[in-house]
Amino acid sequence: MSAFIVVGAQWGDEGKGKMTDYLAEDADVVVRYQGGNNAGHTVEVGDKQYKLHLIPSGVLYENKLNVIGNGLVVDPKALFEEMDYLKGLGVDITPEKLIVSDRAQVIMPYHKVLDALKEKARGKNDIGTTGKGIGPSYTDKFERCGIRVCDLMHKDVFKTKLMENIEMKNAYITKVLDGEELNFDEIYAQYLDYAERLRPFVKDVSVRVYDEIKAGKKVLFEGAQGMLLDIDHGTYPYVTSSNTTSGGVCSGVGIGPNMIQNAVGIAKAYTTRVGKGPFPTELNDETGEWIRTKGHEYGVTTGRSRRCGWLDLVILKTTARVCGLTSFAVTKIDTLAGLEKIKVCVGYKFNNEVIDYFPASLEDLALCEPIYEEFEGWEEKIEDARSYDELPENAKKYLKRIEEFTGVKIAIVSVGPKRDQTMMVGEI
Ligand code: GDP
Ligand code: IMO
Ligand code: MG
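Residues numbered from 1 in each chain as written. Chains lettered and ligands numbered in written order. Predicted model: local features only at pLDDT ≥ 70, side-chain atom pairs only at ≥ 80, totals over all residues. Heavy atoms only, no water.

1. Some words on the overall build of the protein chain
Looking only at helices and strands, the protein chain features 13 helices and 20 strands. For 428 residues, the compact-globule formula gives about 22 Å, and the C-alpha radius of gyration of the protein chain, at 22 Å, lands near that figure. For the protein chain, the C-alpha atoms occupy an extent of roughly 65 × 50 × 40 Å along the three principal directions. Out of the 428 residues in the protein chain, the part that is buried amounts to 57%. (Helix = DSSP H or I, 4+ residues; strand = E, 2+ residues; numbered from the N terminus. Rg over C-alpha atoms; globule rule 2.2 N^0.38 Å. Buried < 20%, exposed > 50% of the residue type's maximum accessible area, 1.4 Å probe, protein only.)

2. Remarks on the site of ligand 2
If you check the shell around ligand 2, you find 20 residues, and the closest are Lys16, His41, Thr130, Gln225 and Thr240. Note that an oxygen atom of ligand 2 is positioned 2.9 Å from one of the side-chain N or O atoms of Asn38. Contact between ligand 2 and Gln225: an oxygen atom at 2.8 Å from a main-chain N or O atom of the residue. In isolation ligand 2 offers 550 Å² of accessible surface; the protein chains occlude 97% of this area. Grouping the amino acids of the shell around ligand 2 by side-chain chemistry returns seven nonpolar, ten polar and three charged. (Near = heavy atom within 4 Å. Polar contact = N/O pair within 3.5 Å; in protein donor to acceptor, adjacent residues only side chain to side chain. Areas by Shrake-Rupley, 256 points an atom, 1.4 Å probe, with all protein chains shown as cover. Nonpolar A, V, L, I, M, F, W, Y, C, P; charged D, E, K, R; others polar.)

3. Topic: the packing of aromatic side chains
In this description, a pair of aromatic rings is defined by centroid distance and the angle of the planes. Under the defined criterion, the tally for this structure stands at ten aromatic pairs. For the ring pair Phe184 and Tyr188, a centre distance of 5.4 Å and an interplane angle of 15° mean the geometry is stacked. Remark: Tyr188 and Phe184 occur in helix α7 (residues 184-198); sequence separation between them is four residues, near one turn of the helix. Judged by its relative accessible area of 15%, Phe184 falls in the buried class. What makes Tyr188 buried here is its relative accessible area of 12%. Each residue in the set Phe80, Phe158, Phe184, Tyr188, Tyr191 and Tyr194 is aromatic and connected to the rest through ring pairs, giving one cluster. Positioned above the aromatic ring of Tyr61 is the side chain of Lys64, whose terminal nitrogen or guanidinium carbon lies 5.1 Å from the ring centre. (Phe/Tyr/Trp six-rings, centres within 6.5 Å; stacked < 30°, edge-to-face > 60°. Lys NZ or Arg CZ within 6 Å of the ring centre and 35° of its normal.)

4. A few points about the site of ligand 1
Residues in close proximity to ligand 1 total 19 residues, the closest being Lys16, Gly17, Thr42, Asp334 and Ser414. Contact distances for ligand 1 include 2.7 Å between a nitrogen atom and a side-chain N or O atom of Asp334. Protein contacts shield 91% of the accessible area of ligand 1, which totals 590 Å² for the unbound molecule. Contributing elements (two or more residues each) for the shell around ligand 1: α1 (16-24) and β3 (41-45). The residue makeup of the shell around ligand 1, split by class, is three nonpolar, eight polar and eight charged. When residues of the shell around ligand 1 are assigned to domains, at least three fall in each of domain 1 (3-102 + 202-262) and domain 3 (267-424). (Domains from an automatic or database assignment.)

5. Brief notes about the coordination of the magnesium ion (ligand 3)
Protein coordination at the magnesium ion (ligand 3) comes from Asp13 (OD) and Gly40 (O), with a distance range of 2.0 to 2.2 Å. Of the two residues, Asp13 is situated in the loop between β1 (3-8) and α1 and Gly40 in the loop between β2 (29-32) and β3; the sequence distance between them amounts to 27 residues. (Donors = N, O, S within 2.8 Å, 3.2 Å for Na, K, Ca; no water.)

6. Some remarks on the sheet that holds strand β19 (residues 410-414)
The ten strands are arranged β9-β7-β5-β2-β10-β1-β11-β15-β19-β20 in an open sheet whose pairing can be described as mixed. Either end of the sheet is taken by a strand with one partner, and the two such strands are β9 (202-203) and β20 (422-424). Where β1 and strand β11 (residues 262-268) come together, five bridges link them in parallel fashion. Counterpart to Gly8 in the pairing with β11 is Ile266. (Pairing = 2+ DSSP bridges.)

7. Regarding the state of the cysteines
In protein chemistry, a disulfide is the covalent bond that joins the sulfur atoms of two cysteines. Using the criterion set out here, one finds zero disulfides in the structure. Lacking any disulfide linkage, Cys145 is separated from the closest cysteine sulfur, that of Cys150, by 15 Å. The exposure class assigned to Cys145 is partly exposed, which follows from its relative accessible area of 24%. Free of any disulfide, Cys368 has its nearest neighbouring cysteine sulfur in Cys345, separated by 9.2 Å. For Cys368, a relative accessible area of 8% puts it in the buried group. (Disulfide = S-S within 2.5 Å.)

8. Structural notes on the UniProt feature "active site" (unreviewed entry) in the protein chain
The positions that UniProt labels "active site" (unreviewed entry) are, in the present scheme, Asp13, His41 and Lys141. Spatially, the listed residues are scattered: they cover 129 residues, and their C-alpha atoms lie as much as 25.8 Å apart. Inspection of the secondary structure puts His41 in strand β3. (UniProt positions renumbered as here; feature names shortened; annotations may be inferred.)

9. With respect to helix α2 (residues 76-88)
If you check α2, its first and last C-alpha atoms are 18 Å apart, about what 13 residues at 1.5 Å a residue would give, namely 18 Å. Restricting attention to buried positions, one finds in α2 the residues Pro76, Ala78, Leu79, Phe80, Glu82, Met83 and Leu86. Elements in contact with the buried residues of α2: β4 (48-52), β5 (65-68), β6 (73-74), β7 (98-101), β8 (105-106) and α7. Among the residues of α2, the N-terminal cap falls to Asp75, whose side-chain oxygen and the backbone nitrogen of Lys77 are separated by 3.0 Å. The first or second residue beyond α2 is Gly90, which carries a positive phi of 90°. (Expected span 1.5 Å × (residues − 1). Contact = heavy atoms within 4.5 Å.)

10. What about the side chain of Ser137?
Examined against the element boundaries, Ser137 turns out to sit in helix α4 (residues 134-143). Taking relative accessible area as the criterion, Ser137 reaches 1% and is therefore assigned buried. If we ignore the near neighbours within four places in the chain, the residues touching Ser137 are Val73, Gln105, Val106, Ile107 and His111.

11. So, the domain arrangement of the protein chain
One can read the domain layout of the protein chain as domain 1 (3-102 + 202-262), domain 2 (105-198) and domain 3 (267-424). For domain 1 and domain 3, the distance between their C-alpha centroids amounts to 23 Å. For the domain 1 and domain 3 pair, buried surface summed over both sides reaches about 3,000 Å², with 62% attributable to carbon and sulfur atoms. The largest share of the area that domain 1 buries against domain 3 comes from Gln10, Trp11 and Lys18, three residues that together contribute 23% of it. Between Lys418 and Glu44 there is a salt bridge, with its nearest N and O atoms 3.2 Å apart. (Buried area = accessible area lost by both parts, 1.4 Å probe. Salt bridge = Lys/Arg side-chain N within 4 Å of Asp/Glu carboxyl O.)

In structure tokens:
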């Protein structure tokens, strides 16, 4: 296996950072293909915790190449803050260790302003974005007025594009959204500084990743967000603005599908979601609160409480199909220890029928009633388990049901946030 994908199987925060770090030990290159610093990936090694937003989770190893693909929207300020934060933790980010695509889009100050003002204008129909300017930046990409990293590298091109954008954005911000005008000179000067700091990292990512794979190197593609936050396949409009699913890799890096062999779906042993939108198995009761507290379910990027609910196998089956999963890595099964009974959704009752897929229309989804199977829980703490045999019988039954329902085998079980709290139980 020379190239494989790590993809979120639910609504994000499944433990992609932890699993990428774990699997990166055996890889040469780790590549982000979409999203931006809306992501918050936690990696724990020894007694240190690292919170990554834009920089791939392979960065804690020496001698591995980390790549920010063309499919990302890059906030240079956030990138440099993250580099400085990592330096403070003893991790030096050099151009040998990180490259940034010249085709990636640049997040500008007006994108963040627009993100906030549009959310305000949506009122009670707000999406609950992370406020990082992600949606407005992708909007500009598809509107074809975005500023790319390569534009930033050319002072004059950047000046012209920025001028055009500032004029349009200021008109919209002040006249439609009742916001404050942005100053061209300040932004221009600031971004010229960013450009010089960024320059040594800028490369053609498609060429480099292709060459690495051809040279027999192992490449790991690290997804951000999750299947149901995908702009096409998620719970639209309560989604992010990129293709979070496996399909995003080809366009977000610039390689063909025949270069990729495997896709590991990272699935939390229960379900969480941050921000607004439908969530059929949500628990608005003391069990939901119990899971939130025990699982420390608070956002890495915004600090918001994550909504918690039972595991939904309809979601995992959908992800298996859409992402072409070859295996699952199940995380946070340790959190469930201590529950007397654990429920799992195995279908939706919809218009007197039973369905096992996600309807496109949110109005239809609202009519779906989860059908549950109930499992006996387990009391034993399992954070110290290091092999499948050490897991309680009831935990094994729970894991088996995931495999049966989705038709996809579990390759990895994670029993804690640290690198070594992980067991390989099959092939990825
Ligand atoms: P990501 O966005 O998918 O990388 O996930 P986050 O980092 O946002 O959230 C996952 C949280 O769960 C982080 O705090 C991880 O350190 C933690 N975590 C990951 N795997 C496990 C696990 O198996 N058990 C426990 N208890 N925590 C885990
Ligand atoms: P990781 O990679 C969980 C959610 C936001 C909001 C919606 C749109 O850590 O799993 P955006 O700012 O992207 O326009 O917000 O998407 N969201 C995430 N939820 N994990 C994430 O990333 C997320 N990134 C965005 O909460 O509901
Ligand atoms: Mg996260």
